[in-house]
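Each chain is listed here by its residues.
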Amino acid sequence: MKKTYYFANWKMYQSFAGIDAFLMEYATDNVLAADADVYVGIAASYEHIYYLSQKLENSSLYLGAQDCSQFLHGAYTGQVSLQSLMQMQLSFCIVGHSEVRQLLGQSYETIALKFKVLLAANISPILCIGETLVQKEDGVTLQILYDQLESVLEFLQSYQGTTKIFIAYEPVYAIGTGVIPETHELQEIFYFLQKLVKELPVAKNIMFLYGGSVHTQTIGLLKNLEGISGFLIGKASIDFQALKKIVECE
Ligand code: PGA
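On a predicted model such as this, the values are computed, not experimentally measured, just so you know.

## A closer look at the overall build of the chain
Moving on, step 1. For the chain, the helix and strand inventory stands at 11 helices and eight strands.
Moving on, step 2. When its C-alpha atoms are laid out on the principal axes, the chain stretches across 45 × 45 × 35 Å.
Moving on, step 3. By residue count, 52% of the 250 residues in the chain fall in the buried class.
Moving on, step 4. Contacts in the chain between residues far apart in sequence, at least 24 positions, make up 73% of those at least 6 positions apart.
Moving on, step 5. Distance between charge centroids for the chain: 4 Å, based on 16 positive and 25 negative side chains.

## Thoughts on the site of the ligand
Moving on, step 1. Surveying the vicinity of the ligand reveals 14 residues, the closest of which are Lys11, His97, Glu170, Gly176 and Ser213.
Moving on, step 2. Taking glutamate 170, its side chain carries an N or O atom lying 2.7 Å from an oxygen atom of the ligand.
Moving on, step 3. Measuring from an oxygen atom of the ligand, one finds a backbone N or O atom of serine 213 at 2.8 Å.
Moving on, step 4. Taking 280 Å² as the accessible area of the ligand by itself, protein coverage stands at 98%.
Moving on, step 5. For the shell around the ligand, the class distribution of residues is five nonpolar, six polar and three charged.

## Re the sheet that holds strand 2 (residues 38-44)
Moving on, step 1. Spatially, the eight strands close up into a barrel ordered 1-2-3-4-5-6-7-8, and their pairing is parallel. Looking at each pair of strands side by side, their axes are set apart by 25 degrees on average, direction ignored.
Moving on, step 2. The pairing of strand 6 (residues 165-169) with strand 7 (residues 206-211) spans five bridges and is classified as parallel. The residue of strand 7 that forms the bridge with phenylalanine 166 is methionine 207.

## Points about the pairing of strand 6
Moving on, step 1. For strand 6, a buried count of five out of five residues is recorded, marking the element as mostly surrounded by other parts of the structure.
Moving on, step 2. The pairing of strand 5 (residues 124-129) with strand 6 spans four bridges and is parallel. Across the sheet, residue isoleucine 129 finds its bridge partner in strand 6, namely tyrosine 169.
Moving on, step 3. Note on the crossover from strand 6 through helix 9 (residues 183-197) to strand 7: the handedness is right-handed.

## As for the nonpolar core
Side chains of nonpolar character tend, in soluble globular proteins, to be buried together.
Moving on, step 1. Of all hydrophobic cores here, the largest spans 68 residues; its most connected members are Leu156, Leu193 and Tyr210.
Moving on, step 2. Residues within four places of leucine 193 in sequence aside, it is in contact with Ile129, Leu145, Leu149, Tyr169 and Phe208.
Moving on, step 3. Core analysis: the next-biggest nonpolar cluster, separate from the first, contains 13 residues, Tyr5, Ala43, Phe92 and Ala168 among them.

## What about unusual backbone geometry?
Moving on, step 1. In the Ramachandran plot, lysine 11 falls in the positive-phi region, its phi being about 45 degrees despite a non-glycine side chain.
Moving on, step 2. By the secondary structure assignment, lysine 11 is in the loop between strand 1 (4-9) and helix 1 (16-28).
Moving on, step 3. Its identity is not glycine, yet glutamine 89 carries a phi of approximately 55 degrees, on the positive side.
Moving on, step 4. Along the chain, glutamine 89 turns up in the loop between helix 4 (82-86) and strand 4 (90-95).

## Focus: the pattern of salt bridges
Moving on, step 1. In this structure the tally under the stated criterion is four salt bridges.
Moving on, step 2. Put simply, lysine 114 and aspartate 67 hold a salt bridge, and the shortest N to O gap is 3.1 Å. Of this pair, lysine 114 sits in helix 6 (residues 108-120) while aspartate 67 sits in the loop between strand 3 (61-65) and helix 4; the two residues are 47 residues apart in sequence, bridging distant segments of the chain. We note that lysine 114, like aspartate 67, is buried.
Moving on, step 3. Note that lysine 136 is salt-bridged to glutamate 185, the shortest N-O span being 3.2 Å. Placement of the pair is lysine 136 in helix 7 (residues 133-137) and glutamate 185 in helix 9, with a sequence separation of 49 residues.

Criteria and thresholds
- Residues numbered from 1 in each chain as written.
- Predicted model: local features only at pLDDT ≥ 70, side-chain atom pairs only at ≥ 80, totals over all residues.
- Heavy atoms only, no water.
- Helix = DSSP H or I, 4+ residues; strand = E, 2+ residues; numbered from the N terminus.
- Buried < 20%, exposed > 50% of the residue type's maximum accessible area, 1.4 Å probe, protein only.
- Contact = heavy atoms within 4.5 Å.
- Lys, Arg positive; Asp, Glu negative; His and termini not counted.
- Charge placed at Lys NZ, Arg CZ, Asp CG, Glu CD.
- Near = heavy atom within 4 Å.
- Polar contact = N/O pair within 3.5 Å; in protein donor to acceptor, adjacent residues only side chain to side chain.
- Areas by Shrake-Rupley, 256 points an atom, 1.4 Å probe, with all protein chains shown as cover.
- Nonpolar A, V, L, I, M, F, W, Y, C, P; charged D, E, K, R; others polar.
- Pairing = 2+ DSSP bridges.
- Axes fitted to C-alpha atoms, helices over the stretch in contact; angles between N-to-C directions.
- Right-handed = clockwise from strand over helix to strand, strands pointing away.
- Core = buried A, V, L, I, M, F, W, Y, C linked by side-chain atoms within 4.5 Å.
- Salt bridge = Lys/Arg side-chain N within 4 Å of Asp/Glu carboxyl O.

Remember that the coordinates give geometry; whether it matters functionally is a separate question.
So this is what it looks like as structure tokens:
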């Protein structure tokens, strides 16, 4: 069976007490770890990454960040370097999440630089792309997705590494709203994305994720999608039991 990847994006929802409660449930009911075909990663905020790295030693949960600086070291106030994150068992890092794009105004080029820094360090990037509702209604979804991917695709033409690369399609209007796109819309989009990467030398290491209102009520439908390798889960992933249900749903 193909491995399925579940990435919990804890955003700024979690607390130290919440992490303790989550890990307590995980320790007594570690179904998330039992299955070799399941990968579960937690994208935590920076201060929680350190805390989790102490607690998750010898655990089968993987640890990731929600962003990182495109620079390795230096006079960059307020930024967090990948070098320091890597001292905390970092396995992956989200880049280009729509909340980060909007709040911090990160450009396509900045996001592409982050993506490259991650691959240079053999840390899996999860590159988020997605259109807004207005863009969807204007019929420019595929163009927007292409624009968001363009510099990364150019770079990947000559990239020869073996690090796994994740591209998460997260329509902005689906994030935190309970609304998910129609199945046929998603299939068309993933088909388009697959075609874009098909000829790249690292095509076999590129995996697609869906994100945006993945929760216990929507996962059944989403698991029927073809051509994706997993999910990026926001709000629902804070709750251990909800995450477990999402992972176990058949
Ligand atoms: P959501 O968030 O599951 O809360 O909609 C997903 C995300 O933003 O990654």
